[in-house]
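Report on the structure
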Amino acid sequence: MKSTSSRERDLSSVTFVDSLRSLSPEGKPRDLLLRTARILDSWRPGQVVLLTAPTGYGKTTLSLSLANAVISGNRELAERVIHVLPLRSIGDDLFIKAERAFRRLKPFRKYVGLQHMGRMDSPLLGRRFNITTLDTFVLSFFKLPPYELHKVVNKYDAHYEVSRGFILSSLVVFDEVHLFLTETKSATAFVTSLESLVESNVPVVLSTATLPVSHLKELRKRVEAKGGELLVVGPKADDSPKRQVRVVPFTGDWLDKAKELSKEKSLLIVTNTVKRAVEFFKDLKNAGLSPLLLHGRMTERHRQNVLSRVLGEDRAMSPGTILVATQVIEAGVDISAGSMITEVSPVESLLQRMGRVARYEGESGEVYVIRSSDNVYEGEKVDEAWKMVENGKLEVPQGDVLKLNNSLHRALWELHRNVFTGSKTALKLLEEECSFTRSGELIKVVPEERLASMDEGDYLALERGTLKRAKDKIVGGLRRGPEGVERVQLRSDFYPILEGGDPPCLSLWMMRNRIDSLVVKGYDEEVGFVG
């Protein structure tokens, strides 16, 4: 514990428990959140708290209360809170909640920052409350802070010690942990980050609703191997929100069912691909209905506009409202629908989707599960989920063995441990991998249709594969200069590199050519970028 002045000691009397109570309805926090806050108030070095709570439990309140305590002066445990998420859309939603919770802060952005590919509020993660994504966190932690990555690519050094110092003096919350573990690279980056934080005695909270037993065992083993202790805070039988959700396997006409359900309740339709979401959306419109659409190929401004039209003040969808969405709705988006039609997906995914129906105490709803003709998931896992739906019992499976990329794990661990390795060594690794957290690359894009009035809400991130399939819609690039943003023509070697030429990393090629983002045509203000 560090020493404090008398004034700081008075302020630090705002404990995490006190702060949680101040942000909870009627001053009565949920049991799991209260137990977690108590552990953090008496935290011992090496402890990692795993909070497992059902969807709709209000886990976000914990991070807001931790940040509130730190902002109020409680710096005994950490100087700041960093909340790490798997998706930018969840971060956008949490930022809005933070604005509401901390209305008293003037100026708000002095204390709270949203940091990801499309937003640069807290480049070094130095605000008192930082909301970020796993890819931004990992780059910052392993010596390639994203806001200075272009300098490293162009042979300059980065101030990585600053962002690492901020991280190592923080309380780090990894939210929706199960999503970090679904893909080998993101699992590797997350696990290596966790091990590094535990060894450095950084307080860590892991939060999830659906973590397979095999993954829990692996995380416990790795935490203990670094001298830490994993404390699981889980629900009792009577601690889940009292809500009733009926799950029905459905093989009839989904459109007829949608018409029926939307007469009396709000309806959320979830598909497994953007293509299917757009098809469902158009079928509903052709049937005379007025649906809205939400997926990952929309700008931040577009997504927020859709959510604001869908949600009321209580985050519930109004009766008669129809929203068609992809997996972006699965985690962290605080939304409650009266009913749902969803394509079948792995059990963990289905449980997350179900958590968007009758989300709050006393509500009831139905989930109709349909087969999919265009699936991005492993057939075996989808078939297993369908059988569970037919049998009327959905349970989180034991889970496969957690798959890690051992060479990437060793390289990241060495970057953390070796004080003599810096950004240039980290860049060599990034050039080999293209990304530390995903199998493909995400490329920053701005629609040509938004150039005239462009601001930070008009960017979107597209997978390289999507751009390859839609290469005829790429019409140039944007470059940031001393006098602002200018449009530029792409060099002739751009397209061979896009197709997978040398160098293999398109994002790094863009940085070397000082191209901030690509410009694409064909963005639709109703359906986004379909490609």
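Below is a summary of the structure that appears in this document. These figures come from a predicted structure and were not determined experimentally. (Residues numbered from 1 in each chain as written. Predicted model: local features only at pLDDT ≥ 70, side-chain atom pairs only at ≥ 80, totals over all residues. Heavy atoms only, no water.)

On to the overall build of the chain. Counting its regular elements, the chain contains 21 helices and 19 strands. Computed over the C-alpha atoms, the radius of gyration of the chain is 23 Å, within 12% of the 24 Å expected from 2.2 N^0.38 for a compact globule of 531 residues. Here the C-alpha coordinates of the chain stretch approximately 65 × 65 × 45 Å along the principal axes. Burial status across the chain gives 57% buried among its 531 residues. Long-range pairs, those at least 24 residues apart, make up 74% of the contacts in the chain with a sequence separation of at least 6. Working note: accessible area of the chain is about 22,500 Å², and carbon and sulfur atoms make up 48% of it. (Helix = DSSP H or I, 4+ residues; strand = E, 2+ residues; numbered from the N terminus. Rg over C-alpha atoms; globule rule 2.2 N^0.38 Å. Buried < 20%, exposed > 50% of the residue type's maximum accessible area, 1.4 Å probe, protein only. Contact = heavy atoms within 4.5 Å. Areas by Shrake-Rupley, 256 points an atom, 1.4 Å probe, with all protein chains shown as cover.)

With that out of the way, let us pick up the state of the cysteines. A complete count under the given rule lists 1 disulfide for this structure. Each sulfur in the disulfide pair cysteine 434 and cysteine 505 lies 2.1 Å from the other. A torsion of -95° about the S-S bond marks the disulfide between cysteine 434 and cysteine 505 as left-handed. Placement of the pair is cysteine 434 in the loop between helix 18 (423–433) and strand 15 (442–447) and cysteine 505 in the loop between helix 20 (494–498) and helix 21 (506–512), with a sequence separation of 71 residues. Across the pair, exposure class does not vary: cysteine 434 and cysteine 505 are buried alike. (Disulfide = S-S within 2.5 Å.)

Next up on the list: helix 2 (residues 16–23). Taken together, the buried positions of helix 2 are occupied by Phe16, Val17, Ser19 and Leu20. Buried positions in helix 2, seen along its axis, are confined to an arc of 160° and lie on one side of it. Residues of helix 2 that are buried in the fold lie against helix 3 (31–41), helix 4 (60–71) and strand 6 (170–175). (Arc of directions from axis to C-beta.)

Most of helix 15 (residues 347–354) is tucked away: 7 of the 8 residues are buried. On its buried face, helix 15 sits against helix 9 (177–180), strand 9 (244–249), strand 10 (267–270), strand 13 (339–343), strand 14 (364–370) and helix 16 (379–391).

Here we have 5 strands laid out as an open sheet, ordered 16-15-19-17-18, and mixed in their pairing. Unpaired on one side and paired on the other, strand 16 (460–463) and strand 18 (484–488) mark the two borders of the sheet. The average angle at which neighbouring strand axes cross in this sheet is 40°, direction not considered. As paired elements, strand 17 (residues 474–481) and strand 19 (residues 517–520) share 4 bridges and run antiparallel to each other. Looking across to strand 19, one finds that glycine 476 is bridged to valine 519. (Pairing = 2+ DSSP bridges. Axes fitted to C-alpha atoms, helices over the stretch in contact; angles between N-to-C directions.)

This paragraph deals with empty space enclosed by the protein. Applying the stated criterion across every chain, the model contains 3 cavities of 30 Å³ or more. Volume-wise, the largest cavity comes out at about 60 Å³. Taken together, Ser89, Asp92, Leu294, Arg303, Gln304, Leu307, Val328 and Val333 make up the full set of residues lining the largest cavity. Of all the secondary structure elements, the ones that give two or more residues to the lining of the largest cavity are helix 5 (88–101) and helix 14 (300–310). For the lining of the largest cavity, the leading source of residues is helix 14, giving 3 residues. (1 Å grid on protein atoms, 1.4 Å probe; cavity = no way out; pocket = protein on both sides within 12 Å on 5 of 7 lines; lining within 4 Å. Points joined across faces, edges and corners; volume = space filled by probe spheres on them.)

Next up on the list: the packing of aromatic side chains. Under the criterion given, the structure shown has 11 aromatic pairs. Ring geometry for phenylalanine 95 and phenylalanine 108: centres 5.5 Å apart, planes at 70°, overall edge-to-face. In this pair, phenylalanine 95 sits in helix 5 while phenylalanine 108 sits in the loop between helix 5 and strand 3 (112–116), placing the two residues 13 residues apart along the sequence. The same class applies to phenylalanine 95 as to phenylalanine 108, namely buried. Put simply, the rings of Phe137, Phe141, Phe142, Phe174, Phe180 and Phe190 touch in pairs and so form one group of aromatic residues. (Phe/Tyr/Trp six-rings, centres within 6.5 Å; stacked < 30°, edge-to-face > 60°.)

Moving on: the packing of helix 2 against helix 3. With their axes 8 Å apart at the nearest point, helix 2 and helix 3 run at an angle of 150° to one another. Judged on the interaxial angle alone, helix 3 and helix 2 are roughly antiparallel. In this structure, helix 2 uses Phe16, Val17, Leu20 and Arg21 to contact helix 3, whose residues at the interface are Leu33, Leu34, Ala37, Arg38, Leu40 and Asp41. Its residues assigned to classes, the contact of helix 2 with helix 3 shows 7 nonpolar, no polar and 3 charged. (Parallel < 35°, antiparallel > 145°, perpendicular 65-115°, else oblique. Nonpolar A, V, L, I, M, F, W, Y, C, P; charged D, E, K, R; others polar.)

Let us look at the nonpolar core. A general feature of soluble globular proteins is that nonpolar side chains tend to end up buried together. By size, the foremost hydrophobic cluster in this structure holds 73 residues, and its most contacted members are Ile269, Leu294, Leu323, Ile329 and Leu467. At 6 residues, helix 13 (residues 274–286) tops the list of elements feeding residues into this core. When neighbours within four sequence positions are excluded, leucine 294 is seen to be in contact with Arg303, Val306, Leu307, Leu323, Val324, Ala325, Thr326, Val328 and Ile329. Phe137, Leu139, Ala187 and Leu415 belong to the second largest nonpolar core, which has 49 residues in total. (Core = buried A, V, L, I, M, F, W, Y, C linked by side-chain atoms within 4.5 Å.)

Turning to the side chain of asparagine 513, a few remarks are in order. Summarising the element assignment, asparagine 513 is placed in the loop between helix 21 and strand 19. Judged by its relative accessible area of 15%, asparagine 513 falls in the buried class. Among the polar contacts listed, one links the side chain of asparagine 513 to the backbone oxygen of tryptophan 509, at a separation of 2.8 Å. When neighbours within four sequence positions are excluded, asparagine 513 is seen to be in contact with Arg479 and Arg491. (Polar contact = N/O pair within 3.5 Å; in protein donor to acceptor, adjacent residues only side chain to side chain.)

Before going further, it helps to spend a moment on the sheet that holds strand 9. The strand order 9-14-13-10-12-11 describes an open sheet built from 6 strands, whose pairing is parallel. Two strands in the sheet have a free side with no partner beyond their single neighbour: strand 9 and strand 11 (292–294). Each strand of the sheet is rotated relative to its neighbour by a mean of 20°, with strand direction disregarded. Packed onto the sheet, helix 12 (residues 254–261) meets strand 10, strand 13 and strand 14 and runs at close to 165° relative to strand 13.

Let us look at the pairing of strand 10. Going residue by residue along strand 10, you find Leu267 and Ile269 tucked away on one face and Leu268 and Val270 tucked away on the opposite face as well. One ladder, built from 4 bridges, connects strand 10 with strand 12 (residues 322–325); its direction is parallel. Within strand 12, the residue paired with valine 270 across the bridge is alanine 325. By the bridge criterion, 4 bridges tie strand 10 to strand 13 in an arrangement that is parallel. In the strand pairing of strand 13, leucine 268 is matched with methionine 340.

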